[in-house]
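A closer look at the structure
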Amino acid sequence: MVEFNGVALEDVAPARVVDIAVAAPEVQVTSQSQPLLDGARFIRRVRGVRTVAVSFVLMEADPLRRRQLLEAVTAWLSPAEPVPLRHTPEENGHLMAVCTQYPDASTRQFWEVLTMAFTAFDPAYISCSPTIRPVTDPAMVVHGEPPRMRIEQDITAPLAAPGWTLGTAHLRLQGPVGVGKLVIDFDRQTVELNGQSILNQLTMDSTFFTLRQGVNQIAVEGGAGGTLIWWERWI
């Protein structure tokens, strides 16, 4: 199974996938001199891109129809921005990827194996289904990669300086915060009330914190609350 941007390859063309090759994430190494210790260097490893190559066969022998199907596959692969890529055996998660190699527009025999490749600049898989809990309940994160997360709160009466704290990090708003739907997106680092940004109400010492592997307990103040929604990520 290969699904890109919510559409399966088999729904675009009569194709049979023969191989899916998932590469390990690249490792990018950077170093920086320590000025206080002569000759010492700090080494930092950062995960780079992950590539996925899909080999498939078009089950169509007619040259004209085959070319039409290949054009349809190319159009299916056209999004210029990263979109969800799902594949077996990681069907419970997806990569945010772009196509970086189209299949050759060949009109040869129908048994010819064609290849298309995808690049995920964030190499971690993202769960297809979120976990949803009241923000004050313990949040158990299974995987080691920081999950994607947001807090949503329906405010029925104006709040005065609501705040959310995880460990030593906190995010606070300078009140009052009006009535409506409050959404704090910790990945995009946005705070919106009824779809309008209220980032200007963040206190200077606020941090868009992240959940960590294990049990996380968020404390609230000033009428803060709402629902915590997160998507697990894994390598």
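Computed from a predicted structure; not experimentally measured. (Residues numbered from 1 in each chain as written. Predicted model: local features only at pLDDT ≥ 70, side-chain atom pairs only at ≥ 80, totals over all residues. Heavy atoms only, no water.)

With respect to the side chain of His87
Stated formally: Helix and strand assignments come from DSSP, with helices taken as H or I runs of at least 4 residues and strands as E runs of at least 2, each series counted from the N terminus. Partly exposed residues are those whose accessible area sits between 20% and 50% of the maximum for their type, while under 20% is buried and over 50% is exposed, using a 1.4 Å probe and protein chains only. The definition of a polar contact used here is a pair of N or O atoms within 3.5 Å, where within protein one atom must be able to donate a hydrogen and the other to accept one, and adjacent residues in sequence count solely through side-chain atom pairs. Residue contacts follow a heavy-atom distance rule, with two residues in contact if any of their heavy atoms lie within 4.5 Å.
Its location among the elements puts His87 in strand β7 (residues 83-87). Judged by its relative accessible area of 2%, His87 is buried. Among the polar contacts made by the side chain of His87, one reaches the side chain of Tyr125 at a distance of 2.7 Å. With sequence-adjacent residues up to four places away left out, His87 is seen in contact with Met1, Val2, Ile20, Val22, Val52 and Tyr125.

Here's the deal with the pattern of salt bridges
The condition is simple: For this document, the term salt bridge refers to a Lys or Arg side-chain nitrogen within 4 Å of an Asp or Glu carboxyl oxygen.
Counted under the stated rule, the structure contains 9 salt bridges. Lys181 serves as the salt-bridge partner of Asp154, at 3.7 Å between the closest nitrogen and oxygen. Of this pair, Asp154 sits in strand β13 (residues 145-155) while Lys181 sits in strand β16 (residues 180-185), and the two are 27 residues apart along the sequence. Taking the relative accessible area as the measure of exposure, Lys181 reaches 33% and is therefore partly exposed. Connected through salt bridges with shared partners, the residues Arg150, Glu152, Asp154 and Lys181 form a single ionic network.

Looking at the sheet that holds strand β14 (residues 163-166)
By way of backbone hydrogen bonds, the strands of a sheet pair with one another, either parallel or antiparallel. Stated formally: Here, strands pair whenever DSSP counts at least two bridges between them. Between N-to-C directions, angles span 0 to 180 degrees; the directions come from axes that are lines fitted to C-alpha atoms, helices contributing only their stretch in contact.
Spatial strand order, β15-β14-β20: 3 strands in an open sheet with antiparallel pairing. Every other strand in the sheet has two partners, leaving β15 (169-172) and β20 (218-221) as the edge strands with one partner each. When strand polarity is set aside, the average angle formed by the axes of neighbouring strands in this sheet is 15°. Where β14 and β20 come together, 4 bridges link them in antiparallel fashion. Its bridge partner being in β20, Thr165 is matched across the sheet by Ala219.

With respect to the nonpolar core
The condition that has to hold: For the purposes of this section, nonpolar cores are sets of buried Ala, Val, Leu, Ile, Met, Phe, Trp, Tyr and Cys residues that join through side-chain atoms within 4.5 Å.
Ranked by internal contacts, the top residues of the largest apolar core, which has 27 residues, are Trp164, Leu182, Ile184, Phe209 and Leu228. Mapped by element, the contributors of at least two residues to this core are β12 (139-141), β13, β14, β15, β16, β17 (190-193) and β21 (227-234). In terms of residue count, β13 provides more of this core than any other element does, 3 residues in total. Ignoring sequence-local partners within four residues, the contact set of Phe209 consists of Met149, Trp164, Leu166, Ala169, His170, Leu171, Phe186 and Ile218. In terms of nonpolar packing, the next biggest core, distinct from the first, is built from 26 residues, Val2, Leu9, Phe56 and Trp76 among them.

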